[in-house]
2 protein chains.
Amino acid sequence: MAEEIKATNITWHQGIVTREDRERLNGHQGAVIWFTGLPSSGKSTVAHALEYELFKRGCRTYVLDGDNIRHGLNKDLGFSPEDREENIRRIGEVAKLFADAGIIVLTAFISPYRADREKARKLNPKNFIEVYVKCDLAVCEQRDPKGLYKKARRGEIQEFTGVSAPYEEPENPEIAIDTGGLSVDECVNLIIRYLEDHDIIKKS
Amino acid sequence: MAEEIKATNITWHQGIVTREDRERLNGHQGAVIWFTGLPSSGKSTVAHALEYELFKRGCRTYVLDGDNIRHGLNKDLGFSPEDREENIRRIGEVAKLFADAGIIVLTAFISPYRADREKARKLNPKNFIEVYVKCDLAVCEQRDPKGLYKKARRGEIQEFTGVSAPYEEPENPEIAIDTGGLSVDECVNLIIRYLEDHDIIKKS
């Protein structure tokens, strides 16, 4: 943080609040926790449960997901490969702003392309944590809470990841969680432990 | 905040952290402080000085300005009327996310069109504070720290607000500050008083 603002009429000096200042105030580091996986793999569920746990510990967090992004910032984008790329580009940029604000931001999007996820990582060189929400296609398809797999199988939805559009698995994710075998709490605890071990949050 | 997460293997219930929860944790409300005015009117300077003051009071804040938006999220946009509209649309959407995260977000962009600012206001019905950074064109042009007015006068920059592109003054801004007559500190104090009087932040 720069020097005190001078109380005169002419100075245009300014105090700049840095990421480090904000992290000090918050008592934890800013970070991007990037969930990726098939539709219905549990990305959003785990992200919100993790946020809840972090919030209880007094951390500043925010979840970016389809609800607040696809109906807002990215409502002009569809599901073509080009639009998916721009969707993820913008999410990577917004995540960067939140991390710079000292917040632990959780993104919960299919983000099917490896190259797009790598771009998001490059934008966020500090504390980018890719979480592969691994789950067999059969299990995801059985869950199908919104009936989207069924519609995709009937051809009523085009370019649906896992059915008619590709999903490229992460090769070196920081964390992989199998939501077919683990409970939500177990998934959350794995990620919490990672954050503690990497001094992103304090041990509770 | 919802009930405790059930520690069983099957529940997909989740605690949802709300804006109100975050505001309670932060000790102040989320808000959008929307600076608008001519190039070199002092938007960014006042925004950063205000952020510094708020930070000293323990508030969670963030400034969106040309430096972090035009080179990032909106680097695909130019200065045509359509691109300016999309620029402001995206900033309004990102500001909404930050306010929802319980943060006092300050946006420092020319935002020359009344209709675009109104859209940003509609997106943010709670605590949208339009700050008109009023300053005579002659004064702005004299400051011209980056020599942009000079270039615009020579025709080297097209569609430059105040010279070759229009600026539509706010009709009913929450706050108007004349940076030609007031010091930076005086501008900051006016805005701080507004925030205190409207219970967005606590009186110090």
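As the structure is a prediction and not an experimental result, all values here were calculated from the model.

*Asks:* For this particular structure, what's the right way to read the state of the cysteines?
*Replies:* Any covalent bond linking the sulfur atoms of two cysteines counts as a disulfide. All names here are of chain B. Evaluation of the coordinates by the stated rule reveals 0 disulfides over all chains. Residue Cys135 stays outside any disulfide, its sulfur separated by 3.7 Å from that of Cys140, the closest cysteine. The exposure class assigned to Cys135 is buried, which follows from its relative accessible area of 9%.

*Asks:* Whenever I open this one, the side chain of Arg89 of chain A confuses me. Can you help?
*Replies:* Of note, Arg89 of chain A is situated in helix H4 (residues 81-100). Here the side chain of Arg89 of chain A touches Glu86 of chain A through a polar contact of 2.9 Å, side chain to side chain. Not counting residues within four places of it along the chain, the set of residues in contact with Arg89 of chain A comprises Leu123 of chain A together with Gly72, Leu73, Lys75, Asp76 and Arg90 of chain B.

*Asks:* Would you mind showing me how to read the sheet that holds strand S5 (residues 175-178) of chain A here?
*Replies:* Two modes of strand pairing occur in sheets, parallel and antiparallel, and in both the strands are linked by backbone hydrogen bonds. Residues and elements named next belong to chain A. In space, the 5 strands of this open sheet follow the order S2-S3-S1-S4-S5, with parallel pairing throughout. Of all the strands in the sheet, the pair left with one neighbour each is strand S2 (61-65) and S5. Strand after strand, the sheet turns through a mean of 20° between neighbouring axes, direction not considered. Where S2 lies against strand S3 (residues 104-108), 5 bridges are found, and the strand directions are parallel. Along S3, the bridge assignment pairs Val63 with Leu106. Relative to strand S1 (residues 31-36), H4 is tilted by about 150°, and along the sheet it contacts S1, S2 and S3. Sheet strands in contact with helix H5 (residues 114-123) are S1 and strand S4 (128-134), and its direction is about 150° off that of S4.

How each quantity is defined
All residue numbers refer to position in the chain's written sequence, counted from 1. All chains are assigned letters beginning at A, and all ligands numbers beginning at 1, according to the order in which they are written. At least 70 in pLDDT is required for a residue's local features to be given in this predicted model, at least 80 for side-chain atom pairs to be given and counted, and no such filter applies to totals for whole chains, interfaces and linings, which use all residues. Each side-chain value is worked out from all heavy atoms of the structure, with water and hydrogens disregarded. Note that a disulfide, as used here, is simply two cysteine sulfur atoms within 2.5 Å. Using a 1.4 Å probe on the protein chains alone, a residue whose accessible area is under 20% of its type maximum counts as buried, one over 50% counts as exposed, and one in between counts as partly exposed. Where helices and strands are cited, they refer to DSSP runs of H or I of at least four residues and of E of at least two residues respectively, numbered from the N terminus. Whenever a nitrogen or oxygen atom comes within 3.5 Å of another N or O atom, the pair is scored as a polar contact, on the condition that within protein one atom can donate a hydrogen and the other can accept it, and that pairs from neighbouring residues in sequence are kept only if both atoms are in side chains. We call two residues in contact whenever any of their non-hydrogen atoms come within 4.5 Å of each other. Two strands pair under a simple rule: DSSP has to find at least two bridges between them. Convention adopted: a line fitted to C-alpha atoms gives each axis, helices being fitted over their contacting stretch, and angles between N-to-C directions are expressed from 0 to 180 degrees.

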